[in-house]
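Understanding the architecture of this molecule
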Amino acid sequence: MNYFFFLDHPDPSLGSAVELFNRAPMDLFYKEKKNKRKIYIFYIEDNIWKNQFFSNISHNESLIVKKSDLPKKFQNKSVLISITSKNLKENDPPFNDKTMNSIPAWRSNIKIFNNYTSTSYQGEFPGTFFNLNLSLTSCSPFIQLNKNIENYFYLINFNNDPIQKSFKVEILNSKKDLINSFNFVTNKINIINLENLYKDKTEDNMFIFRSKDYGGIPLYFSRSKDNMSFSLEHTHPPQEYLFLGNRGIYQKKKKSFWNHG
């Protein structure tokens, strides 16, 4: 089962939205029953995973859900949203089943917008991530070093343990020099403005974000300082650079390269 997220931003003039689709990307590779589904919001309250029903969605229907459309209590929370055929109880935590397994992956359109423009990417938070001990190695050439542009780094981290824990993220350059470090927390849509973290410390535009403790979905958001132009990029998991073969070995070698020496 896949989950989707809202890219909360500290600038109140920016909104976030998720466009959900109750249809698999390709019917040829999807054999589950096609029917009406239910949209649920998953969140943490008092260190317990909970969920709340939001609405129904018919087969072949798409629905744009803005973060501002959610009940007031969710506005300052990092939440996940998903669709399922199950009737959930309030204290049912996020779960993983095969109802959204498909080729290509069943994704949604995740958007940041304001009154002038918007940017989005097609992605998901896989249910399998809740049970994994993830680390982070994200090599990004997407930082836009321009005095009129602000760059932000998102890390979307959720797991089965509903307790929020602090962990360190480090930024390296292509020579493996440590440029800076900062703290994120688990079970949160983490975001940090990168402007002061690499300023005047490197002329390299390749940055490596790593954490040996926790990982998640890394995203890179850039905007012009007049808020008229946006871009949103992501880096593939290391194994996605290969087609066929033992992709797990490549992932281990890549992470080992950046995590040692």
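Structure: above.
In what follows, the accompanying structure is described. What you see is a predicted model; the values in this text were computed from it and never measured.

What follows deals with the overall build of the protein. Summing up its helical and strand segments, the protein has two helices and 17 strands in all. Look at the contacts in the protein between residues 6 or more apart in sequence, and 72% of them connect residues 24 or more apart. In the structure as shown, the protein presents an accessible area of about 13500 Å², 48% of it carried by carbon and sulfur atoms.

Moving on to the pattern of salt bridges. Applying the stated criterion across every chain, the model contains nine salt bridges. Where aspartate 8 meets lysine 67, a salt bridge forms, and the shortest distance between an N and an O atom there is 2.9 Å. One end of the pair, aspartate 8, is in the loop between strand 1 (2-5) and strand 2 (15-21); the other, lysine 67, is in the loop between strand 5 (62-66) and strand 6 (80-84), with 59 residues separating them in the sequence. Residues arginine 223 and glutamate 150 are paired through a salt bridge, measuring 3.0 Å at the closest nitrogen-oxygen approach.

It is worth spelling out the pairing of strand 3 (residues 37-45) at this point. A regular strand places its side chains so that they alternate between the two faces of the sheet. Most of strand 3 is tucked away, with eight of its nine residues classed as buried. Looking at chain direction, strand 3 and strand 4 (residues 48-57) are connected through nine bridges and run antiparallel. Considered in strand 4, the bridge of isoleucine 44 is made with tryptophan 49. Between strand 3 and strand 4, which pair antiparallel and follow one another directly, the connecting turn spans two residues, one of which, aspartate 46, has a positive phi of 55°. Looking at chain direction, strand 3 and strand 6 are connected through five bridges and run antiparallel. Along strand 6, the bridge assignment pairs isoleucine 41 with isoleucine 81.

The next thing to look at is the packing of aromatic side chains. Counted under the stated rule, the structure contains 17 aromatic pairs. Ring plane angle 75° and centroid distance 5.3 Å describe the contact between tyrosine 3 and phenylalanine 130, whose orientation is recorded as edge-to-face. With tyrosine 3 in strand 1 and phenylalanine 130 in the loop between strand 9 (125-126) and strand 10 (136-140), this residue pair connects regions lying 127 residues apart in the sequence. One exposure class covers both tyrosine 3 and phenylalanine 130, and it is buried. Ring centres 5.8 Å apart and planes at 90° place the aromatic pair phenylalanine 125 and phenylalanine 158 in the edge-to-face group. Of this pair, phenylalanine 125 sits in strand 9 while phenylalanine 158 is found in the loop between strand 11 (149-157) and strand 12 (166-172), placing the two residues 33 residues apart along the sequence.

So, on to the sheet that holds strand 12. Strand order in the open sheet made by the four strands is 10-15-12-13, with antiparallel pairing throughout. The strands lining the two open edges of the sheet, one partner per strand, are strand 10 and strand 13 (178-185). Along the sheet, successive strands turn relative to each other by an average axial angle of 20°, direction set aside. Pairing of strand 12 with strand 13 involves seven bridges; the strand directions are antiparallel. Note on strand 13: the bridge partner recorded for lysine 168 is asparagine 183.

For the rest of this paragraph, the subject is unusual backbone geometry. Put simply, isoleucine 103 and proline 104 share a cis peptide bond, and its omega is -5°. Of note in the backbone geometry, aspartate 46 takes a positive phi value of approximately 55° without being a glycine. Along the chain, aspartate 46 turns up in the loop between strand 3 and strand 4. Although it is not a glycine, asparagine 60 sits at a positive phi angle of roughly 70°. By the element assignment, asparagine 60 lies in the loop between strand 4 and strand 5.

What follows is about the sheet that holds strand 4. Read from one edge of the open sheet, five strands run 4-3-6-1-9, paired in antiparallel fashion. At either margin of the open sheet sits one strand with a lone partner, and together these are strand 4 and strand 9. Bridging between strand 1 and strand 9 involves two bridges; their strand directions are antiparallel. Bridge pairing in strand 9 places tyrosine 3 opposite phenylalanine 125.

A few words on the environment of glycine 123. Counting through the fold element by element, glycine 123 comes out in strand 8 (residues 118-123). Its relative accessible area of 2% is what places glycine 123 among the buried residues. In the structure, glycine 123 is positioned 111 residues away from histidine 234 in sequence and 9.3 Å away in space, judged by C-alpha atoms. Among all residues touching glycine 123, those that are not within four sequence positions of it are Phe4, Arg107, Ser108 and Ile110.

What counts and what doesn't
- Every chain's residues receive numbers from 1 upward, in the order its sequence appears when written.
- Where totals are concerned, whole chains, interfaces and linings use all residues; where local detail is concerned, this predicted model gives features only for residues with pLDDT of at least 70, and gives and counts side-chain atom pairs only at 80 or more.
- Just so you know, side-chain values use all the structure's heavy atoms and leave hydrogens and water out.
- Runs of H or I in DSSP of at least four residues are treated as helices and runs of E of at least two as strands, each being numbered from the N terminus.
- The contact criterion used is simple: two residues touch if any of their non-hydrogen atoms lie within 4.5 Å.
- In this description, accessible areas are obtained by the Shrake-Rupley approach with a 1.4 Å probe, and a residue is regarded as covered only by the protein chains that are shown.
- Just to be clear on terms, a salt bridge is a Lys or Arg side-chain nitrogen sitting within 4 Å of an Asp or Glu carboxyl oxygen.
- Each residue is placed in one exposure class: buried if its accessible area under a 1.4 Å probe, protein chains only, is under 20% of its type's maximum, exposed if it is over 50%, and partly exposed if it falls in between.
- Any two strands with at least two DSSP bridges between them are considered paired.
- Aromatic rings from Phe, Tyr and Trp, taking only the six-membered ring of Trp, are treated as a pair when their centres fall within 6.5 Å; an angle between ring planes under 30 degrees marks them as stacked, one over 60 as edge-to-face, and anything in between as tilted.
- Lines fitted to C-alpha atoms define the axes here, with helix axes fitted over just the stretch in contact, and angles between the N-to-C directions of these axes take values from 0 to 180 degrees.

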